[in-house]
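This is what each chain is made of:
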Amino acid sequence: MAERKDRVLFAEDNGQYIESYKASLEKAGFEVTHVCDGQYIEKELIIREKDYFDVILSDTEMDFINGPEAVRGALEKGLLDDSRTLIIGISSDSDNQQYWRELAHHSCFYDKDYFPHEAIGGKIKQCLKNFRSGGMWTFKMPKISR
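Let us look at the structure shown here. Everything numeric in this text was worked out from a predicted model, so none of it was measured.

### Side note on helix α2 (residues 39-48)
Argument step 1. Within α2, burial applies to I41, E44 and L45. Seen along its axis, α2 keeps its buried residues to an arc of 100 degrees; they face one direction. Turned more than 90 degrees from where α2 packs its buried face, I46 and I47 sit exposed.
Argument step 2. The elements touched by buried residues of α2 are β1 (7-11), β2 (31-35), β3 (55-59) and α3 (67-76).
Argument step 3. Once α2 ends, the next one or two residues include E49, with phi positive near 80 degrees.

Below, the structure written as C-alpha cells:
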C-alpha cells in the first residue's frame, strides 16, 4: 500500500502565484487543494475534516475573507487542529506578517516577492519536517506589542 502524500490547503487569489506555487508544491510531493478566498478555507475544512490537511498555506489579503481571519475562525470553531496542521502565512507585503502573529507557527510567514516561486514547495516541505520534529516550530509566532 502506498504511503499518502502530505496535503496542503493553498489559499491564494493572485494568478501570478497560483500555478507556480501549486507546481512547486506538487513537485515537492504534496497533494494540493487550491482555494481562491478565505471563505473557502472553512468550507474545505468542513468537507475534509480538521485532520485532513497537513499544511494551511494562505495569502493574507483576499477579496472576501482574508487568510488570517479565515484561519482564526476555523480555529475558534474547532475546524482546525493547529497542533497537527502547520499554519503558514504568505503575502507580497512584509508588513502583513503582523496579522499572522498568534496564528502562524514559528518562522512561518513568507513574503512572496522575496521568495522564488519555484522554491516554495521545498521550503514548505522543510517547514513541515521541522514542525513535526517539535521544538520551537510547534509554537505560534508571538504577538508583538508596539
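### Focus: the pairing of strand β4 (residues 86-91)
Argument step 1. With respect to burial, β4 is a largely interior element, 6 of its 6 residues being buried.
Argument step 2. Taking every second residue as pointing to the same face, both faces of β4 are buried, with L86, I88 and I90 on one and I87, G89 and S91 on the other.
Argument step 3. In this view, the connection linking β3 to its parallel neighbour β4 by way of α3 has right-handed handedness.
Argument step 4. Pairing geometry for β4 and strand β5 (residues 109-111), over 3 bridges, is parallel. Counted as the bridge partner of G89 is F109 from β5.

### Remarks on the state of the cysteines
Argument step 1. Across all of its chains, the model carries 0 disulfides by this definition.
Argument step 2. C108 carries a free sulfur, and the closest cysteine sulfur to it, the one in C127, is 4.6 Å from it.

### Description of the pattern of salt bridges
Argument step 1. Summed over all chains, the structure comprises 11 salt bridges.
Argument step 2. Across the pair K112 and E12 runs a salt bridge, and its minimum N-O distance is 2.8 Å. Of this pair, K112 sits in the loop between β5 and α4 (120-133) while E12 sits in the loop between β1 and α1 (15-27); the two residues are 100 residues apart in sequence, bridging distant segments of the chain. Of the two residues examined, K112 and E12, each falls in the buried class.
Argument step 3. What you see here is one network of salt bridges that share partners, running through R4, D6, D54, R84, K125 and R132.

### Observations regarding the nonpolar core
Argument step 1. Judged by nonpolar contacts, the single largest core of 40 residues is most densely connected at L45, V55, L57, I88 and I124.
Argument step 2. Of the residues forming this core, the biggest block, 5 residues, is contributed by α4.
Argument step 3. Once you skip the residues sitting within four places of it in the chain, I88 turns out to touch V55, I56, L57, S58, C108, Y110, I124 and C127.

### Quick look at α1
Argument step 1. A rise of 1.5 Å per residue sets the reference length of α1, with its 13 residues, at 18 Å; its end C-alpha atoms lie 19 Å apart and thus fit the reference within 8%.
Argument step 2. In this structure, the buried side of α1 is in contact with β1, β2, β3, β4 and α4.
Argument step 3. Capping the start of α1 is the job of one residue whose side-chain oxygen sits 2.8 Å from the backbone nitrogen of Q16: N14.
Argument step 4. Backbone geometry just after α1 places G29 at a positive phi near 100 degrees.

### Focus on the packing of α1 against α4
For any two helices packed against each other, the geometry comes down to the angle between their axes and how far apart the axes lie.
Argument step 1. At a minimum axis distance of 7 Å, the contact between α1 and α4 shows a crossing angle of 50 degrees. Comparing their axes, α4 and α1 come out oblique. Here α1 runs over α4; the crossing is right-handed. Residues Y21, S24 and L25 of α1 touch α4, and the partners they reach there are I120, G121, G122 and I124.
Argument step 2. Of the residues that constitute the contact of α1 with α4, the class distribution is 4 nonpolar, 3 polar and no charged.

The rules we used
Residues numbered from 1 in each chain as written. Predicted model: local features only at pLDDT ≥ 70, side-chain atom pairs only at ≥ 80, totals over all residues. Heavy atoms only, no water. Buried < 20%, exposed > 50% of the residue type's maximum accessible area, 1.4 Å probe, protein only. Helix = DSSP H or I, 4+ residues; strand = E, 2+ residues; numbered from the N terminus. Arc of directions from axis to C-beta. Contact = heavy atoms within 4.5 Å. Right-handed = clockwise from strand over helix to strand, strands pointing away. Pairing = 2+ DSSP bridges. Disulfide = S-S within 2.5 Å. Salt bridge = Lys/Arg side-chain N within 4 Å of Asp/Glu carboxyl O. Core = buried A, V, L, I, M, F, W, Y, C linked by side-chain atoms within 4.5 Å. Expected span 1.5 Å × (residues − 1). Polar contact = N/O pair within 3.5 Å; in protein donor to acceptor, adjacent residues only side chain to side chain. Axes fitted to C-alpha atoms, helices over the stretch in contact; angles between N-to-C directions. Parallel < 35°, antiparallel > 145°, perpendicular 65-115°, else oblique. Left-handed = near helix turned anticlockwise from the far one by under 90°. Nonpolar A, V, L, I, M, F, W, Y, C, P; charged D, E, K, R; others polar.

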